[in-house]
Every structure is written in structure tokens, then in C-alpha cells.
Amino acid sequence: MMDNIRISDIKRKTNETDISLQFAIDGTGNTEIETDVPFLNHMLDLFTKHGQFDLKVQANGDIEIDDHHTVEDIGICLGQTLYNALGDKKGIKRYASVFVPMDEALAQVVIDVSNRPHFEYRAEYPSNLVGSFNTELVHEFLWKFALEARLTLHVIVHYGQNTHHMIEAVFKALGRALDEATAIDPRVQGVPSTKGVL
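Cut-offs and rules
- Residues numbered from 1 in each chain as written.
- Predicted model: local features only at pLDDT ≥ 70, side-chain atom pairs only at ≥ 80, totals over all residues.
- Heavy atoms only, no water.
- Core = buried A, V, L, I, M, F, W, Y, C linked by side-chain atoms within 4.5 Å.
- Buried < 20%, exposed > 50% of the residue type's maximum accessible area, 1.4 Å probe, protein only.
- Helix = DSSP H or I, 4+ residues; strand = E, 2+ residues; numbered from the N terminus.
- Contact = heavy atoms within 4.5 Å.
- Pairing = 2+ DSSP bridges.
- Axes fitted to C-alpha atoms, helices over the stretch in contact; angles between N-to-C directions.
- Phe/Tyr/Trp six-rings, centres within 6.5 Å; stacked < 30°, edge-to-face > 60°.
- Salt bridge = Lys/Arg side-chain N within 4 Å of Asp/Glu carboxyl O.
- Expected span 1.5 Å × (residues − 1).

Asker: So what's going on with the nonpolar core? Which residues, and what values?
Answerer: Counting 62 residues, the largest nonpolar core has Leu-21, Phe-23, Ile-111 and Leu-142 as the members making the most contacts within it. It is helix 4 (residues 163–182) that contributes the most residues to this core, 10 residues altogether. Excluding anything up to four places from it in sequence, Leu-21 contacts Ser-8, Asp-9, Ile-10, Leu-55, Lys-56, Val-57, Ile-74, Cys-77, Leu-78 and Thr-81.

Here's what the structure looks like:
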């Protein structure tokens with residue numbers, strides 16, 4: 001992290017995945033995403049555009065087994081880059097609560113940039129698959145993201161009938177909530193905590 005530019009990148013290579021990722025908090029919604037999981041590409045694109053971030057991802061994984069390792073490791077990398085890009089967190093708003101509708105579906109994401117990782121997830125999808133993408137991987141991605149970014153993250157899908165719409169609403173709400181929580185508020189002196197540190 002340099003000066004006031006809130007950006008970070010990471011390279012992570014394991015026996016299961018090979019990932020290069022760069023994340024900028026103060027972006028313009030630009031994406032360059034190439035992974036072996038098309039549905040995740042779509043969701044990351046939505047997340048980035050609605051959060052006004054910039055995101056570059058190049059990821060290859062053992063999708064001949066399944067998508068699990070790739071989705072999980074991208075969540076880990078995105079969380080780590082967010083944590084690093086935030087730096088000392090001085091001046092951030094810290095909290096956000098956002099509702100996003102997608103046709104008949106309604107999702108809510110509540111964030112505290114707390115440095116205390118915690119994840120709550122309330123979602124019941126009509127289908128276990130969207131195309132070839134297993135919906136249980138949404139939980140896996142979000143949990144690893146929250147853990148590595150050290151966020152308190154609550155995700156609630158209030159209702160919906162179309163699984164694609166429901167998950168899309170989650171990622172749009174995540175982008176908008178994270179944008180709000182990480183925004184700089186000129187009224188905030190130091191970090192927004194009575195402890196004096198986050």
C-alpha cells in the first residue's frame with residue numbers, strides 16, 4: 001500500500017490452485033477476471049461494478065475434481081488483499097447495511113470492518129445448482145472472504161424463487177455494502193472505534 005492508494009495484490013500457488021489477484025478499493029468498477037468457474041466470474045464482475053472497485057483475477061484450479069478449491073482460494077485471496085489494502089483503517093465509515101432486490105429476490109448484507117472475523121449466513125435456495133455451479137460454494141466463498149479480510153459479515157437472503165437471482169442479489173449487496181463501509185468519512189478522526197484501534 002502506497003500513500004493514499006488503497007490497493008493490494010497477491011499470488012497464491014498450491015497443489016490445487018494457481019491464483020494472481022489485484023484489488024483496489026477506490027476504483028471505477030473495472031474488471032479483468034479469468035477463472036475456470038464462469039458463474040463465479042459473473043458474480044465477481046457484479047460485486048466489483050456495484051462496489052466501484054477494480055479487480056483483476058487470473059485463476060486456474062483442479063476443476064476436474066470440482067470447483068471447490070478454486071472458489072475457496074479466490075475468496076481467501078480477495079479477503080487478504082482487502083485487508084492489506086485497508087491499511088490502518090483511519091477515516092473509514094466501518095459499518096454498512098444494504099438491501100438489494102433482483103426481480104423477485106431480496107438480499108441483505110451487513111458489514112462491520114471490525115478486525116474480528118465472524119460470518120452469519122441465512123439463505124435457502126430452490127436449487128442446488130446454477131448451471132454447473134454448486135450453491136453451497138457461495139457460503140464457502142463468503143466465509144473465507146470474511147475470515148481473511150477480518151470482517152464481521154452477515155448475509156441474509158430474505159426471499160426469492162430463482163436461485164440465480166438470489167445469489168446475484170447477494171453479490172451486488174456485498175459490493176455496495178463494502179463500498180459504503182470502506183468509504184472515507186472526513187468527519188472521522190483516526191479509526192472509528194473507542195478502543196483507538198481496529
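Asker: Can you lay out the sheet that holds strand 2 (residues 17–24) for me, pointing to particular residues and giving the numbers?
Answerer: Taken in spatial order, the four strands make up an open sheet running 1-2-4-3, and their pairing is mixed. Two strands bound the open sheet, and with one partner strand each, they are strand 1 (7–13) and strand 3 (31–34). The average undirected angle you get between the axes of adjacent strands in this sheet is 5°. Contacts from helix 2 (residues 68–86) reach strand 1, strand 2 and strand 4 (54–61), with the element oriented near 35° to strand 2.

Asker: Provide a residue-level description of the packing of aromatic side chains, including the pertinent values.
Answerer: Inspection of the entire model under this criterion finds nine aromatic pairs. Measuring from ring centre to ring centre gives 5.6 Å for Phe-141 and Phe-171, while their planes differ by 40°; the resulting arrangement is tilted. Here the residue Phe-141 occupies a position in helix 3 (residues 136–149), and Phe-171 occupies one in helix 4, the gap between them amounting to 30 residues. Ring-pair connections join several aromatic residues into one group, and the members of that group are Phe-23, Phe-47, Phe-53, Phe-141, Phe-145 and Phe-171.

Asker: Report on the side chain of His-165, specifying residues and quantitative values.
Answerer: Assignment of secondary structure puts His-165 in helix 4. You can call His-165 buried: its relative accessible area is 17%. Beyond its immediate chain neighbours, meaning those up to four positions away, His-165 contacts Met-102, Asp-103, Glu-104 and Ala-105.

Asker: Before we move on, could you go through the pattern of salt bridges and cite the residues and values that matter?
Answerer: As enumerated under the stated definition, the model contains nine salt bridges in all. Linking Asp-26 and Arg-6 is a salt bridge whose minimum nitrogen-to-oxygen distance equals 2.7 Å. Separated by 20 residues along the polypeptide, Asp-26 in the loop between strand 2 and strand 3 and Arg-6 in the segment before strand 1 bring together distant segments of the chain. Across the pair Lys-144 and Glu-72 runs a salt bridge whose closest N-O atoms are separated by 2.4 Å. With Lys-144 in helix 3 and Glu-72 in helix 2, this pair connects stretches of sequence that are 72 residues apart. As far as burial versus exposure is concerned, Lys-144 and Glu-72 are alike and both buried.

Asker: Please give an account of the pairing of strand 6 (residues 105–112) that cites residues and values.
Answerer: The element strand 6 is largely enclosed, with a buried count of seven among its eight residues. Here strand 5 (residues 95–102) runs beside strand 6; their pairing, made up of eight bridges, is antiparallel. Across the sheet, residue Val-98 finds its bridge partner in strand 6, namely Val-109. Connecting strand 5 to the next strand, strand 6, in antiparallel fashion are two residues, including Asp-103 with a positive phi near 55°. Bridge count between strand 6 and strand 10 (residues 152–159): seven bridges; the pairing is antiparallel. Residue pairing across strands places Val-109 opposite Val-155, the latter belonging to strand 10.

Asker: Got a sec to walk through helix 1 (residues 38–51)? Specific residues and values, please.
Answerer: The terminal C-alpha atoms of helix 1 lie 20 Å apart, and with 14 residues this matches the ideal 20 Å at 1.5 Å per residue to within 8%. Within helix 1 the residues assigned to the buried category are Phe-39, Leu-40, Asn-41, Met-43, Leu-44, Leu-46, Phe-47, Thr-48 and Gly-51. Gln-52 sits one or two residues past helix 1 and shows a positive phi near 55°.

Asker: Account for unusual backbone geometry, naming residues and giving values.
Answerer: One non-glycine residue, Arg-94, adopts positive backbone phi at about 80°. Examined against the element boundaries, Arg-94 turns out to sit in the loop between helix 2 and strand 5. The backbone of Asp-103 shows a phi angle near 55°, a positive value even though the residue is not glycine. Note that Asp-103 resides in the loop between strand 5 and strand 6.

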